Number of protein chains: 2
Amino acid sequence: MANIVDALLKGERWAIAKAISILEDDGIQAREIVEMIFKHSGNARVIGVTGPAGAGKSTLVGKMIGVYRARGFRVGVLAVDPSSSISGGAILGDRVRMQEHALDDGTYIRSMASRGASGGISAALRDAIRVLDVAGFNRIIVESVGAGQLDVKISSIVDLTIVVLNPQTGDSIQAIKAGLTEIGDIYVVNKADISGANALYNDIKSLVVDGRDAIALKTVAVTGKGVDELIDAVEHSLSKKLSNGYKEMMRKRVESELMDIILSMLSKVVQERIKKEEGGIIEKVLKKEMDPYNAAESIVAKVIRDE
Amino acid sequence: MANIVDALLKGERWAIAKAISILEDDGIQAREIVEMIFKHSGNARVIGVTGPAGAGKSTLVGKMIGVYRARGFRVGVLAVDPSSSISGGAILGDRVRMQEHALDDGTYIRSMASRGASGGISAALRDAIRVLDVAGFNRIIVESVGAGQLDVKISSIVDLTIVVLNPQTGDSIQAIKAGLTEIGDIYVVNKADISGANALYNDIKSLVVDGRDAIALKTVAVTGKGVDELIDAVEHSLSKKLSNGYKEMMRKRVESELMDIILSMLSKVVQERIKKEEGGIIEKVLKKEMDPYNAAESIVAKVIRDE
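Quick notes on the rules
- Residues numbered from 1 in each chain as written.
- Chains lettered and ligands numbered in written order.
- Predicted model: local features only at pLDDT ≥ 70, side-chain atom pairs only at ≥ 80, totals over all residues.
- Heavy atoms only, no water.
- Helix = DSSP H or I, 4+ residues; strand = E, 2+ residues; numbered from the N terminus.
- Buried < 20%, exposed > 50% of the residue type's maximum accessible area, 1.4 Å probe, protein only.
- Contact = heavy atoms within 4.5 Å.
- Areas by Shrake-Rupley, 256 points an atom, 1.4 Å probe, with all protein chains shown as cover.
- Arc of directions from axis to C-beta.
- Axes fitted to C-alpha atoms, helices over the stretch in contact; angles between N-to-C directions.
- Parallel < 35°, antiparallel > 145°, perpendicular 65-115°, else oblique.
- Nonpolar A, V, L, I, M, F, W, Y, C, P; charged D, E, K, R; others polar.
- Pairing = 2+ DSSP bridges.
- Phe/Tyr/Trp six-rings, centres within 6.5 Å; stacked < 30°, edge-to-face > 60°.
- Left-handed = near helix turned anticlockwise from the far one by under 90°.

Looking up chain A in an unreviewed UniProt entry gives the name Putative enzyme, with the organism given as Candidatus Nitrosocaldus cavascurensis.

Structure, rendered in C-alpha cells:
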C-alpha cells in the first residue's frame, strides 16, 4: 500500500488507477489509502457538472478540459455513471468525446459506478477526489448523469456546481422537477445555436438565477463557443467562495462526511446485532404484536450507550 | 388522535386525509397513528407503478382503477412526486387524468412529496399504505415519477412492481440505465398502437424477461386496451407470490423497515452528540490531524454500547 501511495504522490498514472479501483471495492485497503493520503489533500478545487441526459455534458466537459489545460491547470475528471442497485455493475458513459485528452499527462479521466446506496458513491467519490488531488490535479470535474437525488448529493461534495440544460427537451421543467434549480451555482444553456435556447435562457434566469447567487450562461459545446467565458465564471465564483464563508462550508462538509461514515458503520453494527440477538423482535412485528417504531426503539436502546 | 383512528377504521375520508398529512409532517403524532393502526394492517395488496416521465403512468393507473372498481375492489392510489431536497416542497403531478374517480367512494387518490432523503419517503409511504389499508382499500397503487433510485427503493416496499415504458423515447436504454430492468415483475409497453412498440416489446422480452420471473405486456392506456389483461396478470402474479416465499419476503421487508427506522433514530442521536461533545473531532479533521474514517470510528466507539 505504501508503494501505491508513494507513486500516487508523484502523480504516477498506474497508482491513480489502482487507488481508485481499491476505493471502489470499499474494503479495508480503501481506508488505509485514505488514512495515508488525507493529510496531503485539499489543494484541488472541485467542480460538479450535472443536468439531464442528452444536454451535452460530456462534450462540454471535454471542452472545459481544453480551456483549463491551455491555462496551465492539471485536470482530473470523475464521471459518475448510473448503475444497477442489484448487480452493482456500471454502464460506462460515452467517454469517446473526451478521448482527445487521453494521451495528455495533465489530464486524468475515470468513470465510477454510482452503486445502489447514495452513501456508497458519496464515500468513494470523496476519496477518489482526494486521490486525484494528491496526485497533483488542481481542478477536478465531477460529471454525473443527471436529474436525480444523486446530483443533489454530489452538489454537497463539490466546491461549485454547473447545471447543463438542453433547449431541445423542455429542460426547464425537468430541471425544476429534479430539484436542479436549487443546487446550481452556474446554469449553462448548451446548444445555444438552436431555436429555443433564448427562451430557455430567459426561463432559467427568471426561475433560478434572479434573487439567488447564481449565474446563467450560454454555450455551444460542440464548437467550444462560450466555454472560455464559462471557465472565467467558474474561477470567479470559486475565488468568491474561497474568500467568503469557505471555512463554514468546509466545516459543514466534514460534518456531513462524518455522518455518512458513522451511519454506514452503525448500519453494519445494527445489522449484525439484529441477526444475532433480535430475531425475536422481527417475529413480534410479523405477528403484529409490536409495531415497527417500538421495535426499532427497543433495538436502538440496546445498541446505544447511555450518555 | 383516537378519534382520527376510529374514523379511519370506518373508512372516513377526512380521517384518511388528516392521517396522511400527519405522517408527512413526521412528528410525534405520526408515530402514535402507526402504533394504533399497525395491528389492523396487512390486508391490502400493494402495486408499484414506475417508469420514465411521459410513459403514460397516470393514464394507465386511471384505467387500472376502473378495472379494479368493476371487479369490486376498493382502490387507493399514492402518487409519489419528486420534490426539492432543500425546500421540501412537492410539485403535484398531473392528477387530472384520474379525476373521473374523484367522486367514487371506493377510490382514494393522494399525492405525496418524496422529500430529500429516500429514508424519509420510505417511512411515510409505508405508513400511508397502512392508513389506506386499515381504511378498507384492498388494492393500493403506488405511482412514482420514475427512473431513479427512489423507484428501486419503492420496489422493496410494494408487493409487485409494474414498469411502464414508452416506445417513443428510447425507453429500453433509459430503463437499463436507471436500474429498472431489475425491479419489475411486469413490464408494460404502453402506447402500443404507435410504431416502435413491437420493437420495444421485443427488446424488453429479450433484455429483461427471458430467464427471469417477469412478464411483458402491451397496453394503450388512453383507450384502455390491454388493461384488463394487465390486471389479470397482476392478480395472477400476486397470488403466486402469496403462495410462494411470501413469509420470507415479509420477514425481509420487516428487517429493512426496522433498519430504516433504526438508522434514522441513530442519525438523530449521533447528530446531537456531534454537536454537544465532538466538535473537537471536526476541528481535527479540518486541520488534517485526523482522517475522516478514524474520526468517525472514535465517535462510533463512544456512541455504541459494548456487546
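Let's pick the thread back up.
A few words on the overall build of chain A. Along the backbone of chain A there are 12 helices and 7 strands. Considering chain A as a whole, with its 307 residues, one finds that 53% of them fall into the buried category. Nonlocal contacts in chain A, meaning residues at least 24 apart in sequence, comprise 76% of its contacts between residues at least 6 apart. For chain A, the computed accessible surface area is about 12900 Å², with 51% contributed by carbon and sulfur atoms.

Moving on, we get to the side chain of Thr50(B). Looking at the secondary structure, you find Thr50(B) in strand S1 (residues 45–50). Accessibility expressed as a relative area gives 3% for Thr50(B), which makes it buried.

Now for the environment of Val209(B). Residues and elements named next belong to chain B. Secondary-structure assignment places Val209 in helix H8 (residues 197–209). By relative accessible area, Val209 is classed as buried at 7%. Here the alpha-carbon distance between Val209 and Tyr187, two residues 22 residues apart in the chain, equals 8.3 Å. With residues near it in sequence (within four places) discarded, Val209 still touches Tyr187, Ile204, Ala214, Ile215 and Ala216.

Residues and elements named next belong to chain A. Along helix H1 (residues 2–9), the positions that sit buried rather than exposed are Ile4, Val5, Ala7 and Leu8. End-on, the buried residues of H1 take up no more than an arc of 165°, which puts them together on one face. Looking one or two residues beyond H1, the residue adopting positive phi is Gly11, at roughly 80°.

Here we take up the packing of helix H10 (residues 246–276) of chain B against helix H12 (residues 292–303) of chain B. All names here are of chain B. Packing of H10 against H12 leaves a shortest axis separation of 11 Å and a crossing angle of 110°. On the basis of their axis angle, the class for H10 and H12 is roughly perpendicular. Facing Val270, Arg273 and Ile274 of H10, the residues of H12 in contact are Ile299, Lys302 and Val303. Considering only residue class, the contact of H10 with H12 consists of 4 nonpolar, no polar and 2 charged.

Okay, the pairing of strand S5 (residues 160–165) of chain A next. All names here are of chain A. The buried fraction of S5 amounts to 6 of the 6 residues, a majority that puts the element mostly inside the structure. Burial along S5 is two-sided: the face carrying Leu160, Ile162 and Val164 and the face carrying Thr161, Val163 and Leu165 are both buried. Note: strand S1 (residues 45–50) against S5, 4 bridges, orientation parallel. Residue pairing in the sheet places Thr50 in a bridge with Val163 of S5.

All names here are of chain A. Counted according to the given criterion, the structure contains 4 aromatic pairs over all chains. Centre to centre, the rings of Tyr68 and Phe73 are 5.1 Å apart; their planes meet at 80°, and the pair counts as edge-to-face. Judged on exposure class, the residue Tyr68 and its partner Phe73 are both buried. Measuring from ring centre to ring centre gives 6.3 Å for Tyr108 and Phe137, while their planes differ by 55°; the resulting arrangement is tilted. Within this pair, whereas Tyr108 is found in strand S3 (residues 107–113), its partner Phe137 is found in the loop between helix H5 (118–134) and strand S4 (139–144), the two being separated by 29 residues in sequence. Of the residues examined, Tyr108 reaches a relative accessible area of 8% and is grouped as buried.

What follows is about the pairing of strand S4 (residues 139–144) of chain B. Residues and elements named next belong to chain B. Within S4, 6 of the 6 residues are buried, which leaves it mostly tucked inside the rest of the structure. Taken together, the 5 bridges between S1 and S4 define a ladder with parallel strand orientation. Of the residues in S4, the one forming a bridge with Val46 is Ile140.

Right, let's talk about the packing of helix H1 (residues 2–9) of chain B against helix H2 (residues 13–25) of chain B for a bit. Residues and elements named next belong to chain B. Two elements in contact, H1 and H2, have axes separated by 8 Å at closest approach and are oriented at 125°. Between H1 and H2, the crossing angle belongs to the class labelled oblique. Crossing handedness for the pair H1 and H2: left-handed. Between H1 and H2, the residues in contact are Asn3, Ile4, Ala7 and Leu8 and Trp14, Ala15, Ile16, Lys18, Ala19 and Ile22, respectively. Classifying every residue of the contact of H1 with H2 gives 8 nonpolar, 1 polar and 1 charged.

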